[in-house]
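Listed below are the residues making up each chain.
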Amino acid sequence: MSKKERERAIQLLDQIPESKMYYVMGVLEGAAIPDEIPNEETIEAMKELENGGGTVFEGSVHDFIESMLED
């Protein structure tokens, strides 16, 4: 981001009404979190799914949790 873009972003923040600042803060806080690098286990699991392996659950969260508790 250039210095000009950063200055424009600050100008826009100054124009946001207090009643909407809550929403903007959520976006800014999310954007400020550094990207996480997946660990080796996660990378392997993603490769497995990409290659047609693994298990994809299709159903409600409730059903998923019940199935996990059964194992």
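Here, every reference points to the structure presented above.
None of these values were measured; they are calculated from a predicted model.

Thresholds, definitions, all that
Residues numbered from 1 in each chain as written. Predicted model: local features only at pLDDT ≥ 70, side-chain atom pairs only at ≥ 80, totals over all residues. Heavy atoms only, no water. Helix = DSSP H or I, 4+ residues; strand = E, 2+ residues; numbered from the N terminus. Rg over C-alpha atoms; globule rule 2.2 N^0.38 Å. Expected span 1.5 Å × (residues − 1). Bend = angle between axes of the 7 residues up to and from the residue. Phe/Tyr/Trp six-rings, centres within 6.5 Å; stacked < 30°, edge-to-face > 60°. Buried < 20%, exposed > 50% of the residue type's maximum accessible area, 1.4 Å probe, protein only. Contact = heavy atoms within 4.5 Å.

K.L.:
I'd love a proper account of the overall build of the protein chain, names of residues and values included.
P.N.:
In terms of regular secondary structure, the protein chain is built from four helices and zero strands. The order of α-helices and β-strands along the protein chain, N terminus first, is α-α-α-α. Over its C-alpha trace the protein chain gives a radius of gyration of 21 Å, far above what one expects of a compact globule, namely 11 Å for 71 residues. Each principal axis of the C-alpha distribution contributes one length, and for the protein chain these read about 55 × 30 × 15 Å.

K.L.:
An account of helix H2 (residues 18–32) is needed here, citing residue identities and associated values.
P.N.:
The end-to-end C-alpha separation of H2 is 21 Å, in line with the 21 Å expected for 15 residues at 1.5 Å each. Along H2, the largest kink reaches about 25° and is centred on Val 24.

K.L.:
Requested: an account of the packing of aromatic side chains, with residues and values cited.
P.N.:
Applying the stated criterion across every chain yields a total of two aromatic pairs. For the pair Tyr 22 and Tyr 23, a centre-to-centre distance of 5.7 Å together with 80° between the ring planes defines the contact as edge-to-face. For the pair Tyr 22 and Tyr 23, a shared accessibility class is recorded, and that class is exposed.

K.L.:
Which residues make up the environment of Glu 48, and what values do they have?
P.N.:
Mapped onto the secondary structure, Glu 48 falls in helix H3 (residues 40–50). Overall, Glu 48 belongs to the partly exposed group, its relative accessible area being 44%. For the pair formed by Glu 48 and Glu 7, sequence separation is 41 residues and the distance between their alpha carbons is 45 Å. Glu 48 has contacts with Gly 53 and Gly 54, leaving out every residue within four places of it along the chain.

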